Amino acid sequence: MAAWTAGSVALLVALLLVASQGWHGHYTMDSTRGVQKFHAHPTPRVGGIAIVAGVVAGYLMAGSDKKSLLGPLIVAGIPAFASGLLEDITKRVSVRTRFLATMGSGVLGWAITGYSIPYANVWGLDWLLGFTAVSVAFTGFAVGGIANAINIIDGFNGLSGGTSLIILAAFGVLSTALGDADLAMTGLILAGAAAGFLLVNWPMGKIFLGDGGAYFLGFSIAWLAVLLVQRHNEVSAWAPVLMCGFPVIEVLFSIVRRHRHKVSLSAPDRLHLHSLVTRRVVRRLWPQSSTLVRNSATGALMWFATLLPVSIALQWRSNTFMLIFGFAACALLYSSVYARLTQFRWCFSPATLVPKVA
């Protein structure tokens with residue numbers, strides 16, 4: 001019931017934001033001009049408001065046990081959501097400020113609950129995580145990283161929202177398999193809110209997630225990962241890493257690529273995998289299609305990049321070796337596809353990191 005409520009409220013608020021864009025559009029519209037703009041018409045980019053409204057509604061309908069997990073998540077997510085929403089409206093919040101805000105949400109989550117990442121299944125690092133200060137700092141950095149990863153892949157209708165929905169649903173499935181009904185319901189309420197927004201975002205692209213929505217969903221996913229390893233030490237820390245595999249690999253690959261290309265890490269570009277897919281794949285499959293169709297088709301195609309690592313995580317949740325092997329295999333597959341789209345060969349080479357794409 002709580003998950004359905006979250007989805008219904010998110011859908012309703014998203015529709016209201018679209019219907020009232022004539023009032024707030026001066027502040028909330030995303031223009032069609034820019035390196036990473038692939039839409040044809042100005043569109044509201046404050047879909048995060050709908051998602052947060054849905055999550056709050058789900059919280060009000062949830063039982064007390066579920067509220068004990070979801071309540072701190074909502075409060076701790078405020079800095080991440082607020083910094084992103086402020087950027088959506090003003091377009092003047094720096095990348096550094098937003099990253100620090102998302103890290104701050106992770107630290108605030110620890111301050112409220114006392115939860116931080118207790119282990120990483122990495123020799124040496126696990127010993128360091130035994131120190132509270134190190135564990136809290138690592139948690140803040142990891143949470144900020146995941147939140148920004150979700151924002152980085154937010155480029156096409158349904159891409160970031162659909163990816164987040166798949167990951168959140170996977171957390172619900174895994175928590176159910178572990179017998180943790182409270183954590184499962186928390187994940188499903190978040191998934192419900194994401195689904196409600198997605199119905200307006202994909203395929204028609206009537207509203208965008210925006211930085212506020214991407215950061216809130218990213219923080220929520222990261223905090224569920226913290227809760228998972230805190231409540232179930234039989235689960236390898238690499239399981240949530242695999243569940244977030246696609247956005248994590250995208251970020252790591254982008255960092256290396258931009259470093260080799262001598263480009264600022266915060267500079268927008270059209271060399272993300274999803275940008276290449278729309279130019280190299282979608283345009284060839286549907287050459288006569290509209291910008292909207294190509295946009296939405298790209299978002300849907302990229303969901304498959306999330307399904308593989310999520311499936312590995314669910315299958316081998318306690319087997320660290322298989323999870324690390326699976327992450328490496330997904331990274332290799334990513335680099336091979338990237339090489340094919342940029343260098344027209346499946347074999348990865350250093351040239352792939354400095355692609356020249358028309």
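Reading the values: rules and limits
Residues numbered from 1 in each chain as written. Predicted model: local features only at pLDDT ≥ 70, side-chain atom pairs only at ≥ 80, totals over all residues. Heavy atoms only, no water. UniProt positions renumbered as here; feature names shortened; annotations may be inferred. Helix = DSSP H or I, 4+ residues; strand = E, 2+ residues; numbered from the N terminus. Buried < 20%, exposed > 50% of the residue type's maximum accessible area, 1.4 Å probe, protein only. Contact = heavy atoms within 4.5 Å. Axes fitted to C-alpha atoms, helices over the stretch in contact; angles between N-to-C directions. Parallel < 35°, antiparallel > 145°, perpendicular 65-115°, else oblique. Left-handed = near helix turned anticlockwise from the far one by under 90°. Nonpolar A, V, L, I, M, F, W, Y, C, P; charged D, E, K, R; others polar. Patch = residues over 30% accessible without salt bridge, like charges linked within 9 Å, V, L, I, M, F, W, Y side chains within 5 Å. Areas by Shrake-Rupley, 256 points an atom, 1.4 Å probe, with all protein chains shown as cover. Salt bridge = Lys/Arg side-chain N within 4 Å of Asp/Glu carboxyl O. Expected span 1.5 Å × (residues − 1). Phe/Tyr/Trp six-rings, centres within 6.5 Å; stacked < 30°, edge-to-face > 60°. Lys NZ or Arg CZ within 6 Å of the ring centre and 35° of its normal.

### Looking at the UniProt feature "binding site: Mg(2+)" (unreviewed entry) in the protein
- Mapped onto the present numbering, the UniProt feature "binding site: Mg(2+)" (unreviewed entry) falls on Asn151 and Asp211. These residues run over 61 residues, yet every pair of their C-alpha atoms falls within 6.3 Å of each other.
- Within the element layout of this structure, Asn151 appears in helix α8 (residues 132-152).
- Accessibility expressed as a relative area gives 14% for Asn151, which makes it buried.
- Excluding residues within four positions of it along the chain, Asn151 makes contact with Arg98, Gly210, Asp211, Ala214 and Tyr215.
- Following the sequence through the fold, Asp211 ends up in helix α11 (residues 210-231).
- Overall, the relative accessible area of 9% leaves Asp211 in the buried class.
- Beyond its immediate sequence surroundings of up to four residues, Asp211 is in contact with Arg45, Gly84, Glu87, Asp88, Arg98 and Asn151.

### Points about the packing of helix α3 (residues 47-61) against helix α4 (residues 64-76)
- Two elements in contact, α3 and α4, have axes whose closest approach is 10 Å; the angle formed by their N-to-C orientations is 150°. By the angle between their axes, α3 is roughly antiparallel relative to α4. Two packed elements cross with a definite hand, and for α3 against α4 that hand is left-handed. Touching Val55, Val56, Gly58, Tyr59 and Leu60 of α3 are Lys67, Leu70, Gly71 and Ile74, all from α4.
- Its residues assigned to classes, the contact of α3 with α4 shows six nonpolar, two polar and one charged.

### Quick look at the packing of helix α6 (residues 95-113) against α8
- As a packed pair, α6 and α8 sit with axes 7 Å apart at the nearest point and diverge in direction by 130°. One way to sum up the angle between α6 and α8 is to call them oblique. The interaxial crossing formed by α6 with α8 has right-handed handedness. Contacts between α6 and α8 involve Arg98, Phe99, Thr102, Met103, Gly106, Val107 and Trp110 from the former and Thr132, Val136, Thr139, Gly140, Phe141, Val143, Gly144, Gly145, Ala147, Asn148 and Asn151 from the latter.
- For the contact of α6 with α8, the class distribution of residues is eight nonpolar, nine polar and one charged.

### Description of a nonpolar patch on the surface
- On the surface, a cluster of nonpolar side chains totalling about 480 Å² of accessible area is made up of Leu285, Trp286, Leu301, Phe304 and Leu307.
- Counting residues per element, the nonpolar patch draws most heavily on helix α15 (residues 291-315), at three residues.
- You can see Trp286 is positioned in the loop between α14 (273-285) and α15.
- Of the residues examined, Trp286 reaches a relative accessible area of 38% and is grouped as partly exposed.

### Points about helix α9 (residues 159-177)
- Along its 19 residues, α9 runs 27 Å from first to last C-alpha, staying within 8% of the 27 Å computed at 1.5 Å per residue.
- The element α9 is largely enclosed, with a buried count of 14 among its 19 residues.

### Let's talk about the packing of aromatic side chains
- Scanning all chains against the criterion turns up nine aromatic pairs.
- Each ring, one from Trp127 and one from Phe131, has its centre 5.1 Å from the other, and the planes form 85°; the classification is edge-to-face.
- Trp127 gets classed as exposed once you look at its relative accessible area, which sits at 61%.
- Looking at Phe131, the relative accessible area reads 42%, which means it is partly exposed.
- Ring geometry for Tyr334 versus Tyr338: centroids 6.1 Å apart, planes at 20°, classification stacked. Placement of both Tyr334 and Tyr338 in helix α16 (residues 320-343) is noted, with a separation of four residues, approximately one turn of the helix. Note on accessibility: Tyr334 and Tyr338 belong to one class, buried.
- Through a chain of ring-to-ring contacts, the aromatic side chains of Phe253, Tyr334 and Tyr338 assemble into a single cluster.
- Stacked on the ring of Tyr59, the Lys or Arg Lys67 has its end atom at 5.4 Å from the ring centre.

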